[in-house]
Amino acid sequence: MIEVQELESRIILGLKAKFISASHKGSNAHLVIGPLWQDMSKLFFSLKPESSIYPNGVGAMWPDESGNPGSLYYFAGYEVSQVPADLGGLEVLNLEGGQYACVTHLGPMSELSKTVVDFYTKSLPDSGLTRRPGTDLELYREDESDGEISKVIIAAPVQ
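Residues numbered from 1 in each chain as written. Predicted model: local features only at pLDDT ≥ 70, side-chain atom pairs only at ≥ 80, totals over all residues. Heavy atoms only, no water.

A. Structural detail: the packing of aromatic side chains. With the rule as written, the count across this model stands at eight aromatic pairs. Ring geometry for Phe-19 versus Tyr-74: centroids 5.9 Å apart, planes at 80°, classification edge-to-face. Within this pair, whereas Phe-19 is found in strand β2 (residues 10-20), its partner Tyr-74 is found in strand β4 (residues 71-80), the two being separated by 55 residues in sequence. Here Trp-37 and Tyr-140 contribute two aromatic rings whose centre-to-centre distance is 5.3 Å and whose plane-to-plane angle is 75°, an arrangement assigned as edge-to-face. Remark: Tyr-140 occurs in strand β7 (residues 136-140) and Trp-37 occurs in helix α1 (residues 29-46); sequence separation between them is 103 residues. Comparing Trp-37 with Tyr-140, the two get one shared label, buried. Ring pairs connect the aromatic residues Trp-37, Phe-44, Phe-45, Tyr-78 and Tyr-140, which therefore count as one cluster. (Phe/Tyr/Trp six-rings, centres within 6.5 Å; stacked < 30°, edge-to-face > 60°. Helix = DSSP H or I, 4+ residues; strand = E, 2+ residues; numbered from the N terminus. Buried < 20%, exposed > 50% of the residue type's maximum accessible area, 1.4 Å probe, protein only.)

B. Spatial organisation of helix α2 (residues 112-127). Where α2 bends most, the angle comes to about 45°, and this point is Phe-119. Along α2, the residues that are buried comprise Leu-112, Val-116, Phe-119 and Leu-124. In the core, the buried residues of α2 are packed alongside β6 (98-107), β7 and β8 (150-157). The positive-phi residue at the C-terminal boundary of α2 is Gly-128, with phi of around 80°. (Bend = angle between axes of the 7 residues up to and from the residue. Contact = heavy atoms within 4.5 Å.)

C. Representation of the sheet that holds β6. Sheet architecture is open: eight strands sit in the order β1-β6-β8-β7-β3-β4-β2-β5, paired in antiparallel fashion. Only two strands of the sheet have a single partner each, and these edge strands are β1 (3-7) and β5 (91-95). For this sheet, the mean angle separating the axes of adjacent strands, direction not counted, is 35°. Sheet analysis places β1 next to β6, joined by five bridges and oriented antiparallel. Bridging across to β6, Leu-7 finds its partner in Gly-98. Contacting β2, β3 (57-63), β4 and β7, α1 runs over the sheet at an angle of about 150° to β2. The strands touched by α2 within the sheet are β6, β7 and β8, with β8 carrying the most contacts at an inclination of about 30°. (Pairing = 2+ DSSP bridges. Axes fitted to C-alpha atoms, helices over the stretch in contact; angles between N-to-C directions.)

D. Expanded view of α1. Over its 18 residues, α1 runs 26 Å from end to end, which matches the ideal 26 Å to within 8%, given 1.5 Å per residue. Every buried residue of α1 is accounted for by Ala-29, Val-32, Ile-33, Leu-36, Trp-37, Met-40, Ser-41 and Phe-44. Considered in projection along α1, the buried side chains sweep an arc of 150° and stay on one side of the axis. Turned more than 90 degrees away from the buried face of α1, the exposed residues are His-30, Leu-31, Gln-38 and Lys-42. Taken together, the buried residues of α1 touch β2, β3, β4 and β7. Looking at the residues trailing α1, positive phi occurs at Lys-48, about 50°. (Expected span 1.5 Å × (residues − 1). Arc of directions from axis to C-beta.)

Everything listed is a geometric property; what it means functionally is a separate question.
This is the structure we're talking about:
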């Protein structure tokens, strides 16, 4: 069930790559996104973040410049309170806050793509909500996970 939430602005430190969405023919999401998270995490944790709290993971998606349906950028990163002087090969993504249509995936990570596809192909179009320009998000809540069960909030900007 979709819930409209006001999400705060945030600073993300991570890496981006192009991919084809799981809801489109020729999807390579499974080949791009997992390895991107692994590469980014190695770089991020080599910076030895000061906080003892595991950072919130954020996946951000937006259309690439080709205009081809389903061709997107995926930015995998961790939320930070400030940008470090040494980025260690990572990029900075500043996300604006605002209203988002959200659905929560609570289950195995292996089933996340099913939740994402259902959100974008059924739930969101059927909701009557109007999308606004902006970046779509996946908010990973590691501190709320229990072994094989993960909590991920999938969010699309709406007005």
